[in-house]
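Next come the chains, spelled out residue by residue.
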Amino acid sequence: MRKRVWGTVAGAFVLASAVVTTVAQAQEWNGAGPMIAAFYNEEMSVPKGWELTFTGSQNGVEVYTFYVRPDTVDVDTSWIDAEGQLERALCGDDTLRGWVMSGMKARADKIVISQGKQAKTVGTGYVTCR
């Protein structure tokens, strides 16, 4: 009987530790969206005519929007996948990768601005780091 009670208490402690760790990690990325967008725009190799902004959190999902302006560059890059670009940013950095692996949900939307018109594509999935 004594071993069974100890095992249950130890199991509850491990589970509580995992939940606390996840909550603490979630708080780390809370508010980091603008810095992640700046990191992408300033430090990474970005397709010509692309700019990333942090749109905000929606129902627990960090939403990023890529603004694509093909009229401003020689080569049309509007065909490039926005989710792949966000995945490259989030999964290429150890800290950001850790956040995604620990439960951060991030979505990539894309707005193509061409000849004065905007076409918005809302992301359909979340970034995953393999």
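Here is what the cut-offs are and how they apply
Residues numbered from 1 in each chain as written. Predicted model: local features only at pLDDT ≥ 70, side-chain atom pairs only at ≥ 80, totals over all residues. Heavy atoms only, no water. Disulfide = S-S within 2.5 Å. Helix = DSSP H or I, 4+ residues; strand = E, 2+ residues; numbered from the N terminus. Buried < 20%, exposed > 50% of the residue type's maximum accessible area, 1.4 Å probe, protein only. Pairing = 2+ DSSP bridges. Axes fitted to C-alpha atoms, helices over the stretch in contact; angles between N-to-C directions. Contact = heavy atoms within 4.5 Å. Core = buried A, V, L, I, M, F, W, Y, C linked by side-chain atoms within 4.5 Å.

## Observations concerning the state of the cysteines
Then step 1. For the structure shown, the criterion picks out one disulfide.
Then step 2. Between the sulfur atoms of Cys 91 and its disulfide mate Cys 129 the distance is 2.0 Å. Disulfide Cys 91 to Cys 129: torsion about the S-S bond roughly -85°, handedness left-handed. In this pair, Cys 91 sits in helix H3 (residues 82–91) while Cys 129 sits in the segment after strand S4 (117–121), placing the two residues 38 residues apart along the sequence.
Then step 3. Cys 91 sits in the buried class, given a relative accessible area of 15%.
Then step 4. Looking at Cys 129, the relative accessible area reads 9%, which means it is buried.

## Remarks on the sheet that holds strand S1 (residues 50–58)
Then step 1. Within the open sheet, the four strands sit side by side as S1-S2-S3-S4. Their pairing is mixed. Because the sheet does not close on itself, it has two edges, and the strands there are S1 and S4. Ignoring which end each strand starts from, the neighbouring axes of this sheet average 25° apart.
Then step 2. Across eight bridges, the pairing between S1 and strand S2 (residues 61–68) is antiparallel. Directly across from Thr 53, in S2, lies its bridge partner Thr 65.
Then step 3. Strands in contact with helix H2 (residues 33–43) are S1 and S2; relative to S1, the strand with the most contacts, it is inclined by about 165°.
Then step 4. Its contacts with the sheet place H3 against S1, S2 and strand S3 (105–114), and it is angled at close to 130° to S3.

## Notes on the nonpolar core
Then step 1. The biggest cluster of nonpolar side chains holds 25 residues, and the ones touching the most others in it are Phe 66, Leu 86 and Leu 90.
Then step 2. Of all the elements in the fold, those that place two or more residues in this core are H2, S1, S2, H3, helix H4 (94–101) and S3.
Then step 3. Among the elements that take part in this core, H3 stands out by supplying five residues, more than any other.
Then step 4. Not counting chain neighbours up to four residues away, the residues in contact with Leu 86 comprise Leu 52, Tyr 64, Phe 66, Ala 106, Arg 107, Ala 108 and Val 127.

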